[in-house]
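# Chains, contacts and geometry: an overview
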Amino acid sequence: MSNMKPIVSTVWLHDQLQQQKLKMCVMDVSWYSDKDGHKDYLKQHIPGAVYFNFMHRVETNLHFPRNLPEPAVFEEYVQSLGIDSDTHVIVYDNTGRCGYFAGSRTWWMFRHHGHQKISVLDGGLQKWIADGYETTTDIPNVKLGNFTVKMDPTIRCTFDGVFSSLGDKTLQICDSRPNSTFHGAVGDATQGHGSSGHVPGAVSIPFETLLDKDKQVLKSEEELKAIFASSGVDLLKPVVTMCNSGMSSCMLALAAVTVGCPQVSVYHGGWTEWSNRADPEHCELPKP
């Protein structure tokens, strides 16, 4: 794990923008499944921020509806935003989950592509505005960066990786979907995309439980540790997070890294892939 602080506050970011001593790039990564996040960026964003779409030129399929871009595509796109290999990237979003829905996913993507100098703005754009800081409609001019992809496969877990751990329980699988989806409703016993159920041995830690919605931030480290402990998770051992397709699971991974777990990976395929590939005996489904 990197020593780079994975989460920064609005106060910290505002101070850095005022001082202009740190080489950094602020990115609005707001993304929605039903509308164009770039349009919101054009209406208002943090001064100096560029817009990043984590689904840029991504090819999706049945198992990976929120797939990753090809490394060369990611590298070219990030360079076009003016990012160098030593740039500290600060990401924020405005999707209503305290800045952590698309923010955490982008944080994980950059780390998977070898960029450790990346942090998520605690509270996102909503907290930034609530704290009285200004926004703008100005679009910054950037020059081509020299960012280079250096893939880190250790933070992306695969179907085979999860499957091989079922017998010896070498991995602690933490599922960030809602409890109702994890456990399922009576009669919802259909395998396939969108179905309820979970991987055998997985524990449920819904991503919503990680957020302090009154303060619009992630819960404190003490609260996060208590959440993991109450679920029986040993933060000194490897943790794999999962959801449906690699979104909220990145938030759970970020939380685990924040409280010091040394080995955290995201099962990118999540329940979407698992429920379509695994045999019935390896799917804990609701009773019919």
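For the structure, see preceding data.
Before going into details, it helps to say that this report is about the structure given with it. Residue numbering note: each chain is counted from 1, following its sequence as written. With pLDDT at 70 or above as the cut-off, local features in this predicted model cover only qualifying residues; side-chain atom pairs require 80 or more to be listed or tallied, and sums for whole chains, interfaces and linings still use all residues. Derived side-chain values reflect all non-hydrogen atoms in the structure, with water molecules and hydrogen atoms excluded from consideration.

### Describing the pairing of strand β2 (residues 24-28)
Taken across its 5 residues, β2 has 5 buried, putting it largely inside the fold. Exposure categories follow from relative accessible area, calculated using a 1.4 Å probe and restricted to protein chains: below 20% of the type maximum is buried, above 50% is exposed, and the middle band is partly exposed. Per the convention used, a helix needs a DSSP run of H or I reaching at least four residues, while a strand needs a run of E reaching at least two, with both numbered from the N terminus. Going residue by residue along β2, you find Met-24, Val-26 and Asp-28 tucked away on one face and Cys-25 and Met-27 tucked away on the opposite face as well. In this structure, β2 lies alongside strand β3 (residues 50-51), joined through 2 bridges in parallel fashion. Looking at the pairing, Asp-28 lines up with Tyr-51 of β3. Think of it this way: DSSP has to see at least two bridges between two strands before they count as a pair.

### Brief notes about the sheet that holds strand β11 (residues 239-242)
In space, the 5 strands of this open sheet follow the order β6-β12-β11-β7-β8, with parallel pairing throughout. Only two strands of the sheet have a single neighbouring strand rather than two, namely β6 (156-157) and β8 (203-204).

### Some words on the packing of aromatic side chains
Pairing of aromatic rings covers Phe, Tyr and the six-membered ring of Trp, with a centre-to-centre limit of 6.5 Å; geometry is then stacked below 30 degrees between planes, edge-to-face above 60, and tilted otherwise. Applying the stated rule across the entire model yields 13 aromatic pairs. Taking the centre distance of 5.6 Å and the plane angle of 55 degrees together, the rings of Phe-52 and Phe-110 count as tilted. In this pair, Phe-52 sits in the loop between β3 and α3 (71-80) while Phe-110 sits in helix α4 (residues 101-112), placing the two residues 58 residues apart along the sequence. For Phe-110, a relative accessible area of 0% puts it in the buried group. Measuring from centroid to centroid gives 6.2 Å for Phe-159 and Phe-163, while their planes differ by 10 degrees, and the two rings are stacked. With Phe-159 and Phe-163 both in helix α6 (residues 159-165) and 4 residues apart, the pair spans about one turn of that helix. Relative accessible area serves as the criterion here: at 38%, Phe-163 is assigned to the partly exposed category. Among the aromatic residues, those joined into a cluster by ring pairs are Phe-52, Phe-74, Tyr-77, Phe-110 and Phe-147. Over the face of the ring belonging to Tyr-32 we find Lys-35, whose NZ or CZ atom lies 4.5 Å from the ring centre. Lying across the ring of Phe-159, Arg-277 places its NZ or CZ 4.1 Å from the centre. The rule is short: NZ of Lys or CZ of Arg within 6 Å of the ring centre and within 35 degrees of the ring normal puts a charge over the ring.

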